[in-house]
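If you want the building blocks of each chain, they are given just below.
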Amino acid sequence: MMRENVPLSTLTTFRIGGPARYVAQGNSVASVKAAFAHARECRLPLYPIGQGSNILASDASIAAVLLLMQNNSIAFSDTSEGVEVCADAGTSWDALVRACADKGLWGIENLAGIPGTVGAAPVQNIGAYGSELADSFSWLECYDPDTETIQRLTGAECAFGYRDSTFKQNPGRIIMRVALTVTRSGSPRTQYADLSRLIDAGEVLDTPHAIGEAVRRVRSAKFPDLTEYGTAGSFFKNPTIVLDQYTQLQQQYPELPGFATSTGIKIPLAWILDHVLDLRGFRMGHAYLFQNQPLVLVADAGATCVDVDALANNVAEKIFNATGIQIEREVRSLS
Ligand SMILES: Cc1cc2nc3c(=O)[nH]c(=O)nc-3n(C[C@H](O)[C@H](O)[C@H](O)COP(=O)(O)OP(=O)(O)OC[C@H]3O[C@@H](n4cnc5c(N)ncnc54)[C@H](O)[C@@H]3O)c2cc1C
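Residues numbered from 1 in each chain as written. Predicted model: local features only at pLDDT ≥ 70, side-chain atom pairs only at ≥ 80, totals over all residues. Heavy atoms only, no water.

> What should I look at first to understand the packing of aromatic side chains in this one?
The relative placement of two aromatic rings is captured by the distance of their centres and the angle of their planes. Applying the stated criterion across every chain yields a total of 6 aromatic pairs. Where Phe36 meets Tyr143, the ring centres are 5.6 Å apart and the plane angle is 40°; that geometry is what we call tilted. Here Phe36, found in helix H1 (residues 29–42), pairs with Tyr143, found in strand E10 (residues 137–144); they are 107 residues apart in sequence, far enough to count as distant. There is no split in this pair, since Phe36 and Tyr143 are both buried. Cluster of aromatic residues (ring-pair linked, three or more members): Phe14, Phe235 and Phe236. A cation sits over an aromatic face here: Lys266 above Tyr162, 3.7 Å from the ring centre. (Phe/Tyr/Trp six-rings, centres within 6.5 Å; stacked < 30°, edge-to-face > 60°. Helix = DSSP H or I, 4+ residues; strand = E, 2+ residues; numbered from the N terminus. Buried < 20%, exposed > 50% of the residue type's maximum accessible area, 1.4 Å probe, protein only. Lys NZ or Arg CZ within 6 Å of the ring centre and 35° of its normal.)

Structure representation (structure tokens):
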């Protein structure tokens with residue numbers, strides 16, 4: 001079914017965005033092919049979309065065919081390494097986390113409560129609470145419109161990085177289903193401060209179910225409730241800087257946290273927003289930084305993409321002026 005002139009404000013969690021020319025539903029290879037054929041016929045680009053929880057859409061009309069992935073089955077099978085769970089692109093990510101936890105399967109419990117679909121999860125290699133999709137990833141299948149074939153990619157071929165993958169760098173292919181390896185026996189990954197605090201307070205986090213529920217609880221205190229607020233979660237990526245720059249910044253801000261990674265020192269941007277710039281709750285027009293977590297940008301009802309861009313650009317400029325760090329958006333733009 002092809003819908004016409006559908007406001008992006010109804011398809012994104014920011015609740016912002018003008019009408020998309022066409023919205024097609026993707027629940028099979030045939031329907032994905034048909035959407036591409038329609039886009040070619042109309043000479044429009046095609047853009048896949050899940051739950052719109054990582055998208056900032058422009059206020060103007062969007063001359064594109066949006067492909068809304070809606071296939072949603074989950075299948076488990078035993079393998080020599082554990083259990084392979086294979087889920088369709090349109091499956092809710094958190095439903096998949098719950099399905100694994102219900103069977104006592106370890107691997108993705110720390111990623112509980114992340115909004116969005118399974119198909120979008122590899123695009124930015126979703127991550128939270130010391131875990132990321134790549135840790136349990138097995139393979140995915142995607143439709144390549146150039147060859148009109150289904151390709152199966154390994155983790156290495158997906159080129160996962162920090163909130164990054166080949167799908168972010170080279171958009172165009174449509175992820176159809178994703179397979180992960182989860183295990184019947186595992187150990188809790190509770191080193192992350194928010195979780196270790198719960199353990200110190202006496203909570204027992206010894207099953208995927210208990211950890212998933214704890215993570216959802218911690219997240220609900222940090223992130224705005226999507227039924228009340230317009231947001232796409234963390235708006236910017238945490239920057240990675242070279243050691244020299246980190247050492248210099250530490251002279252000015254001795255408590256600046258930094259975590260060594262293979263590409264440099266990763267800085268928690270929320271710390272800079274909070275301790276260097278005092279921007280918790282900072283508001284410009286109809287958009288502001290969330291009080292509980294300043295990396296999260298929130299839009300009032302009726303806010304526009306222009307409002308969000310103005311705030312985001314202003315924050316990026318303030319960070320650059322204070323620290324020399326150039327930050328990058330995590331949220332994808334759609335225009
Ligand atoms: C409150 C809140 C908290 C969040 N917390 C986290 C967090 O802790 N960690 C984290 O990593 N992210 C987080 N996010 C961001 C978001 O949840 C993830 O990026 C999620 O994977 C997006 O899923 P989606 O289905 O909404 O994708 P969309 O926003 O619809 O799309 C995101 C991108 O993926 C592409 N895409 C979507 N489906 C497909 C497909 N089938 N094939 C190819 N490309 C596709 C789109 O074209 C777009 O570029 C948060 C967002 C919110 C609103």
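> In this structure, what is going on with the packing of helix H8 (residues 269–276) against helix H9 (residues 305–323)? I would like to understand it.
To characterise two packed helices, one gives the angle between the axes of the helices and the distance between these axes. Two elements in contact, H8 and H9, have axes whose closest approach is 11 Å; the angle formed by their N-to-C orientations is 80°. The orientation of H8 with respect to H9, classified from their angle, is roughly perpendicular. Only Val315, Ile319, Ala322 and Thr323 of H9 make contact with H8, whose side of the interface consists of Leu269, Ile272, Leu273 and Val276. Split into classes, the residues belonging to the contact of H8 with H9 amount to 7 nonpolar, 1 polar and no charged. (Axes fitted to C-alpha atoms, helices over the stretch in contact; angles between N-to-C directions. Parallel < 35°, antiparallel > 145°, perpendicular 65-115°, else oblique. Contact = heavy atoms within 4.5 Å. Nonpolar A, V, L, I, M, F, W, Y, C, P; charged D, E, K, R; others polar.)

> Please explain the side chain of Lys168 as it appears in this structure.
Relative to the elements of secondary structure, Lys168 occurs in helix H4 (residues 166–169). Buried and unpaired, Lys168 has no salt bridge, with Asp164 as the nearest side chain of opposite charge at 5.4 Å. Reaching out from Lys168, the side chain makes a polar contact with the backbone oxygen of Arg163 at a distance of 2.8 Å. (Lys, Arg positive; Asp, Glu negative; His and termini not counted. Salt bridge = Lys/Arg side-chain N within 4 Å of Asp/Glu carboxyl O. Polar contact = N/O pair within 3.5 Å; in protein donor to acceptor, adjacent residues only side chain to side chain.)

> What's the story with the environment of Arg184 in this structure? I'm lost.
Mapped onto the fold, Arg184 is located in the loop between strand E12 (174–182) and helix H5 (193–200). For Arg184, a relative accessible area of 57% corresponds to the exposed category. Expressed as a C-alpha distance, the spacing of Arg184 and Ile174, which sit 10 residues apart in the sequence, is 31 Å. With near-sequence residues (within four places) excluded, Arg184 lies in contact with Asp78, Val83, Gly104, Leu105 and Trp106. A distance of 2.5 Å separates the side chain of Arg184 from the side chain of Asp78, its partner in a polar contact.

> Would you take a moment to explain the domain arrangement of the protein for this structure?
Where interface size is quoted, it is often the accessible area lost as the parts come together. Structurally, the protein comprises domain 1 (2–69), domain 2 (74–222) and domain 3 (230–334). The C-alpha centroid of domain 3 is placed 29 Å from the C-alpha centroid of domain 1. Summing both partners gives a buried area of about 1,400 Å² for domain 1 against domain 3, and 62% of it is carried by carbon and sulfur. When the area that domain 1 buries against domain 3 is broken down by residue, the three leading residues are Phe14, Asn54 and Leu56, summing to 49%. Inspection of the region where domain 1 meets domain 3 yields 0 salt bridges. Of all the secondary-structure elements, those providing two or more residues to the side of domain 1 that touches domain 3 are strand E4 (55–57) and strand E5 (62–69). Ranked by the residues each element gives to the side of domain 1 that touches domain 3, the list is headed by E4, at 3 residues. (Domains from an automatic or database assignment. Buried area = accessible area lost by both parts, 1.4 Å probe.)

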